[in-house]
Amino acid sequence: MRRPAPASILPGMDQTPTPLGRGALDACFLGPYGENDALLERLVTEFLRDHVYWRRNFHPEDPPAIPTRASQHPDYQAFEARMRHELHALSASLKKSVPFHSPRYIGHMASDLLLPGLAAQMLALPYNPNNVSEDAAPVTVEMEVKAGLQLARMFGFVDDPAREDCAFGHLTSGGTVANYQALRLALALKAFPVAMLASRTLDAMAPGEWPDDDWSAFNLGHDGAVALLAEWQAWLATLAPEERKRWQARLQGERLEQLGLVEFHARHPDLAVPKVLAPVTAHYSWSKGLKLLGLGRAQLELVPERGMRLDLDALQSALDRCLRERQPVLMAVAVLGTTEYGTVDPVDGVVAARAAMQARGLGFGVHVDAAWGGYLATLFRNQDGSLRTRDEVASGFASFPAPEVHAAFAALGQADSITVDPHKLGYLPYGAGAFVCRDHRATALLSEQADYVFDGEAAPGYMARYRRLGQFIPEGSRSGAAAAAVYVMHKVLPLDHLNFGQLPRQTVLAAESFAKRARRFSADVADVARACVPFAPDSNLVCLAINPAGNRDPAVASAFVRKLHEELRCDPGRPLQLKEFFGSITTLRHDAMGADELAHIAACLGLDPALLGDERVVILRHTLMNPYLLDTENGISYIDRYFDFLTARVRALLPLAERAA
Ligand SMILES: Cc1ncc(COP(=O)(O)O)c(C=O)c1O
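In what follows, the accompanying structure is described. (Residues numbered from 1 in each chain as written. Predicted model: local features only at pLDDT ≥ 70, side-chain atom pairs only at ≥ 80, totals over all residues. Heavy atoms only, no water.)

1. Some details on the site of the ligand
- Within the structure, the ligand sits among 14 residues, and T176, T339, D369, D421 and H423 are positioned closest to it.
- Within the contact set of the ligand, an oxygen atom lies 2.8 Å away from a side-chain nitrogen or oxygen of D421.
- Within the side chain of H423, one N or O atom sits 2.8 Å away from an oxygen atom of the ligand.
- Starting from 390 Å² of accessible surface for the ligand in isolation, the protein chains cover 85%.
- In terms of residues, the shell around the ligand owes the most to one element, helix α5 (residues 175-198), which gives 3 residues.
- Across the shell around the ligand, the residue classes tally to 3 nonpolar, 8 polar and 3 charged. (Near = heavy atom within 4 Å. Polar contact = N/O pair within 3.5 Å; in protein donor to acceptor, adjacent residues only side chain to side chain. Areas by Shrake-Rupley, 256 points an atom, 1.4 Å probe, with all protein chains shown as cover. Helix = DSSP H or I, 4+ residues; strand = E, 2+ residues; numbered from the N terminus. Nonpolar A, V, L, I, M, F, W, Y, C, P; charged D, E, K, R; others polar.)

Below, the structure is given as structure tokens:
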């Protein structure tokens, strides 16, 4: 029996909040010094008490089960002592943690946590909602679905649940699992038309422009497959219940999800296992994902880059070859903010290639891995969700955004799906990644039944469907508190340039200031070393290459940067306070640079270009997330201080007499 759709328990999302004032930024974080301790303490205490009242008010007639005198019992006291002992030990050992909150931390993709999210998560934890379904999380499941719509709007997807092509997003434990979900959905969409053909369902449905062989069915593309799915569902609705069941079972028997890859491809010997095309610097979760789905890492084809950005010519020749060799393509991945360099792939070019290849009979999906850079999209959005022009976005910046970067962000709405991590540039606690797909109808192909969780048919409507979240997501039980954190943070800081956008604005300004200061550093150490920012940063991640003066060998340059990094890396064996700054390293790869860039960098650093072709050069990598890198209150630039520190270290490691010949 159908249950009636419950009315929404959350306030609407459509009211436009007033833009955030400059002073409000100081209330956003606990702060490098714990400046907002009183605010956080008040919030935590207030809502903990509130939670206790909620317990008491459930059935006030039930007396306390734990006696008032219980705390006087020696066993109780012994237990409390044991617990305190362990908690003190934990608290003491956590003092060795990485100080992400400090503007002296410019290493990996982590920083301070946004108070609205942190407080919401702490508030929700004792309620322990499980976002697998509304049965276990009547409030936070809806929050998760709404958070997905908030993200969809930020990317330019349709975010109106009344529209049949509305987007859908859900949270994951992180970007890795969001990328798995992208693969899973793309595979389901790719194989579904083949199953329709094999089960002869297409013959039974009303005549249409349906594919008539396996190759064209496998290459119907995202939009074609979603349209076919919608037609099929509409046709099913016209059938009597028994007949509907019969056709559903018939189709099920041919679906890849039922047969598995081995049997599916055995039944369709003309179809090779599809490939995923991703840029060479793509995150290693792509390799993991292909292994996990049984497609195999061999199906991950890494496309060369130029200047650390996906090379569209190389992508085109890979696609041409796939078409020539009848090699199906599952998806092309563009990265919005690469893990190592923060660079932005030409999403616009990738979606254009998808359209051109679809016209030639090679259909595939486009996924944008914006785990890192996704929230930068707030800089590109007005409060009404419309896109800002490049000139509007550029106001106040020295060079951000490059025209190609603006074009990439403008094209996000045409991607088929996107990964974004609230636990990275969303400044929220770990355990919050997100997957967003452009057209929610596709998720019907992922649906999993479990009678003990999802009893009966869902009520009609978008929200009723996704109250059964567990049917569609790769994970099972998940933290509803994390969903509360994401939703509340987005409500307090709406995802447009006047609200949340003010945070990435600070970090991009810091990156511009960093790149400028790096030029002075390069002049300051010119007598002992050559240094340069190897490629213009697209966002807020800036690298720095350093080579001892006179050295031509990339291996020597790498060894030197590793030595410098010794001072910058996390070292649990040393007291934290002895560390001046935290930074990270990565390598310059020839397959990510392209020949022109390679020659340019070799010239800047004085390295032998012939050797640079084989050797990966180690460089410093800086993630500039902290909003207080430029501390206007005290007139301190931690960027200046970092470069002063670096200058001193370079000089200490390379005294003039010992520099490389
Ligand atoms: C581009 C990109 N994709 C995916 C991931 C994986 O995200 P997570 O570590 O949250 O699983 C990362 C992590 O750094 C990333 O930078």
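2. Things to note about the environment of G296
- Residue placement: G296 occurs in the loop between α11 (285-292) and β3 (300-303).
- In contact with G296, not counting residues within four places along its chain, are L290 and K291. (Contact = heavy atoms within 4.5 Å.)

3. Examining helix α12 (residues 312-324)
- Look at α12: 18 Å from first C-alpha to last across 13 residues, which is about the 18 Å you get at 1.5 Å a residue.
- If you check which residues of α12 are buried, you get A314, L315, A318, L319, C322 and L323.
- Buried-residue contacts for α12 involve α7 (214-218), β2 (275-279), β3, β5 (309-310), β6 (329-335) and α13 (347-359).
- Within two residues after α12, R326 carries a phi angle of roughly 50 degrees, on the positive side. (Expected span 1.5 Å × (residues − 1). Buried < 20%, exposed > 50% of the residue type's maximum accessible area, 1.4 Å probe, protein only.)

4. Concerning the pairing of strand β9 (residues 433-437)
- The element β9 is extensively covered by neighbouring structure, given that 5 of its 5 residues are classed as buried.
- Here β9 shows no split at all, with G433, F435 and C437 on one side and A434 and V436 on the other all buried.
- Looking at chain direction, strand β8 (residues 417-420) and β9 are connected through 4 bridges and run antiparallel. Within β9, the position partnered with S417 by the bridge is C437. (Pairing = 2+ DSSP bridges.)

5. What to know about the nonpolar core
- Residues L114, F155 and Y375 are the most contacted members of the largest nonpolar core, which totals 137 residues.
- Here this core gets 13 residues from one element, more than from any other, and that element is α5.
- Not counting the four nearest positions on each side in its chain, L114 is found in contact with C28, F29, G426, Y427, L428, M489, L493, F500 and L503.
- If you look at the next biggest cluster of nonpolar residues, it comprises 31 residues, including A529, L568, L629 and F645. (Core = buried A, V, L, I, M, F, W, Y, C linked by side-chain atoms within 4.5 Å.)

6. Some points on the packing of α5 against helix α10 (residues 256-267)
- Closest axis-to-axis distance for the α5/α10 pair is 11 Å, and the angle between their directions is 85 degrees. If you check the angle between α5 and α10, you find them roughly perpendicular. Here α5 contributes L187, A188, A191 and V194 to the contact with α10, which in turn contributes L256, E257 and F264.
- Grouping the amino acids of the contact of α5 with α10 by side-chain chemistry returns 6 nonpolar, no polar and 1 charged. (Axes fitted to C-alpha atoms, helices over the stretch in contact; angles between N-to-C directions. Parallel < 35°, antiparallel > 145°, perpendicular 65-115°, else oblique.)

7. Considerations on the environment of L302
- Within the secondary structure layout, L302 lies in strand β3.
- Overall, the relative accessible area of 42% leaves L302 in the partly exposed class.
- Spatially, the C-alpha atoms of L302 and A282 are 8.1 Å apart, while their sequence positions differ by 20 residues.
- Here L302 is in contact with A278, P279 and V280, once residues within four sequence places are set aside.

8. Points about the pattern of salt bridges
- Tallied over the full model, the rule gives 29 salt bridges.
- A salt bridge links R651 to D527; its shortest N-O distance comes to 2.8 Å. Residue R651 is found in helix α23 (residues 638-653), and its partner D527 is found in the loop between α18 (502-524) and β10 (529-532); the two are separated by 124 residues along the sequence.
- The class for R651 is partly exposed, based on a relative accessible area of 32%.
- On the accessibility criterion, D527 (32% relative accessible area) is partly exposed. (Salt bridge = Lys/Arg side-chain N within 4 Å of Asp/Glu carboxyl O.)

9. Some thoughts on the sheet that holds β8
- Judged by pairing direction, the sheet is mixed, and its 7 strands sit side by side in the order β1-β9-β8-β7-β6-β2-β3 without closing on themselves. Strands with a single pairing partner mark the edges of an open sheet, and in this sheet they are β1 (168-172) and β3. Mean inter-strand twist for the sheet, computed between neighbouring axes without regard to direction, equals 20 degrees.
- Of the pairings in the sheet, the one linking β6 to strand β7 (residues 365-370) comprises 5 bridges and is parallel in character. Of the residues in β7, the one forming a bridge with M331 is G365.

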